[in-house]
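Here are the chains, one letter per residue:
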Amino acid sequence: MDLEGPSTNKMSRENAASQSPQPVSYTEIESIIRMAMTAPSGDNCQPWRFTWNDETLAVFYEEQLGHHALNNCNHATWLSLGCLVESIGIAASGFRLRAHTRLNFENWQSQPMGVIYFTREQMCTDPLISEIFRRKTDRNLYHTTPLPETVIQQLKHEAVHYPGLHFSYKQGTPNALAGFVGFCDEYMWSNRRIASDFLHWVRLSDKEETESKDGMSWKSLGIQKADLFPLRLFRRLPFLISWLWKLGFQKKVNQTTKRSIQALGGVYSIAVTDTQPAAVVSAGKLAFRLWLLLNSEGYAVQPMSLPSLTAFDVATGHAPPNTEASALQRFKAGYQELKAYFGFAENQWPVWMFRTGRAIDPNLAPITPRVRVQDRLKVYTRDLPRV
Ligand SMILES: Cc1cc2nc3c(=O)[nH]c(=O)nc-3n(C[C@H](O)[C@H](O)[C@H](O)COP(=O)(O)O)c2cc1C
């Protein structure tokens, strides 16, 4: 598929001419991208670059940023792309613009991963737009108060609009999954590549945090000040992780997992019936809407990707490289536990899971910074504001 070639330009030009009387302005596109860049990405790697040529918005994938030990078969990228595309659609609705997206799953190394054109329409602004800048990952403890039925119904109502996806919400602590979630958190630290990747993206000082506009701040991960020094040491000398594992580090990891799985209102998961990239992108779109919806109702959200996405990778034959046979078995067994817990049928494949609940202190989780729009958006346009 030649997404940059003349055919696409012709298609978008014809559409733009017939359906969009007033061209989309630079200011509109800049605002849409500013909002879209707040969409979540794994480790806040923000692997996107955009071009705007007065008619089409092209989304390019920066593979070196998206290349993670846990991004097997690009599943994490497809989820992030779903979040991004949905956020573009929501942001565009604020300008009465409908976003039409064409994704490219084949040759995105040389072509855009997505091409979007807009039509101006009499349409309502998506009410979730008000949450775009407020949405965040909250990794703190939550109240254990159950979610009200009205909120659960709203989540289910959103999911109905996504054919091929299945949504399941379970109230309360997922005790049946505690063993598997505990195994996953231990696995993260026992696999040198995964641990190193994580440590690469964590900002372990205020200086690192202010100098970078990607990655995750130690504060947002709930890391205590006293743990910053050993983590910096692990980053430089990863072999120390296994040395210190039995000397208290394992206990700390186990305690953290136990606490976070106890302190929540419930967990939810999205399953696909088709495991191809388009379905995973669709799961990302739905996940993003549910995230905004829960945040708008005052509920905190945190993805739990290892027991869901990585287990999905293993179950679909894309395990992280060098996973030992015993770990593969545990992931496969855990995936079945996950399916059973959420009541998914044999042909429904959970791909992402989240914990949610009322935040104990909504201000505790910081807003994670993003790179500047001008560093990621290249514009070839008539109406660039003159300086
Ligand atoms: C595909 C994907 C997987 C993620 N997995 C996790 C996870 O397992 N645990 C977690 O705490 N956050 C996870 N996140 C959240 C990101 O770390 C977060 O979105 C990013 O750091 C930006 O922060 P924000 O969501 O507060 O804007 C994931 C996000 C994406 C898109």
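Values in this document were obtained by computation on a predicted structure and should not be read as measured data. (Residues numbered from 1 in each chain as written. Predicted model: local features only at pLDDT ≥ 70, side-chain atom pairs only at ≥ 80, totals over all residues. Heavy atoms only, no water.)

Student: When you look at the overall build of the protein in this model, what are you seeing that I'm missing?
Tutor: Counting its secondary structure elements, the protein contains 14 helices and eleven strands. Taking 21 Å as the expected radius of gyration for a compact globule of 387 residues, we find that the protein reaches 21 Å, a close match to that expectation. If you line up the protein on its principal axes, its C-alpha atoms span 65 × 45 × 40 Å. Expressed as a percentage of the 387 residues in the protein, the buried residues total 54%. Partitioning the contacts of the protein with sequence separation of at least 6, the portion at a separation of at least 24 is 79%. Summed over its atoms, the accessible surface of the protein is roughly 17700 Å², and 54% of this surface lies on carbon and sulfur atoms. Put simply, the protein has 42 plus and 36 minus side-chain charges, and the middle of one group is 5 Å from the middle of the other. (Helix = DSSP H or I, 4+ residues; strand = E, 2+ residues; numbered from the N terminus. Rg over C-alpha atoms; globule rule 2.2 N^0.38 Å. Buried < 20%, exposed > 50% of the residue type's maximum accessible area, 1.4 Å probe, protein only. Contact = heavy atoms within 4.5 Å. Areas by Shrake-Rupley, 256 points an atom, 1.4 Å probe, with all protein chains shown as cover. Lys, Arg positive; Asp, Glu negative; His and termini not counted. Charge placed at Lys NZ, Arg CZ, Asp CG, Glu CD.)

Student: What am I meant to see in the site of the ligand here?
Tutor: In the vicinity of the ligand, 18 residues are found, and the nearest of them are Arg-135, Thr-137, Arg-139, Ser-305 and Arg-370. One of the side-chain nitrogen or oxygen atoms of Ser-305 is found 2.6 Å away from a nitrogen atom of the ligand. Contact between the ligand and Arg-370: an oxygen atom at 2.7 Å from a side-chain N or O atom of the residue. In isolation the ligand exposes 620 Å². Once the protein is present, 89% of that is buried. (Near = heavy atom within 4 Å. Polar contact = N/O pair within 3.5 Å; in protein donor to acceptor, adjacent residues only side chain to side chain.)

Student: What is the right way to look at the pattern of salt bridges in this model?
Tutor: Side-chain pairing between opposite charges can occur once the charged atoms of the two side chains come close. Considering all chains together, one arrives at 16 salt bridges under this definition. In this structure, a network of salt bridges that share partners links the residues Glu-86, Asp-126, Glu-158 and Arg-289. (Salt bridge = Lys/Arg side-chain N within 4 Å of Asp/Glu carboxyl O.)

Student: Help me understand the side chain of Asp-214, please; the structure alone is not making it clear to me.
Tutor: Among the secondary structure elements, Asp-214 is positioned in the loop between helix H8 (206-211) and strand E7 (216-217). Polar contacts involving the side chain of Asp-214 include one to the side chain of Arg-203, which spans 2.9 Å. If we skip the residues at most four places from it in the chain, Asp-214 touches Asn-44, Gln-46, Trp-201 and Arg-203.

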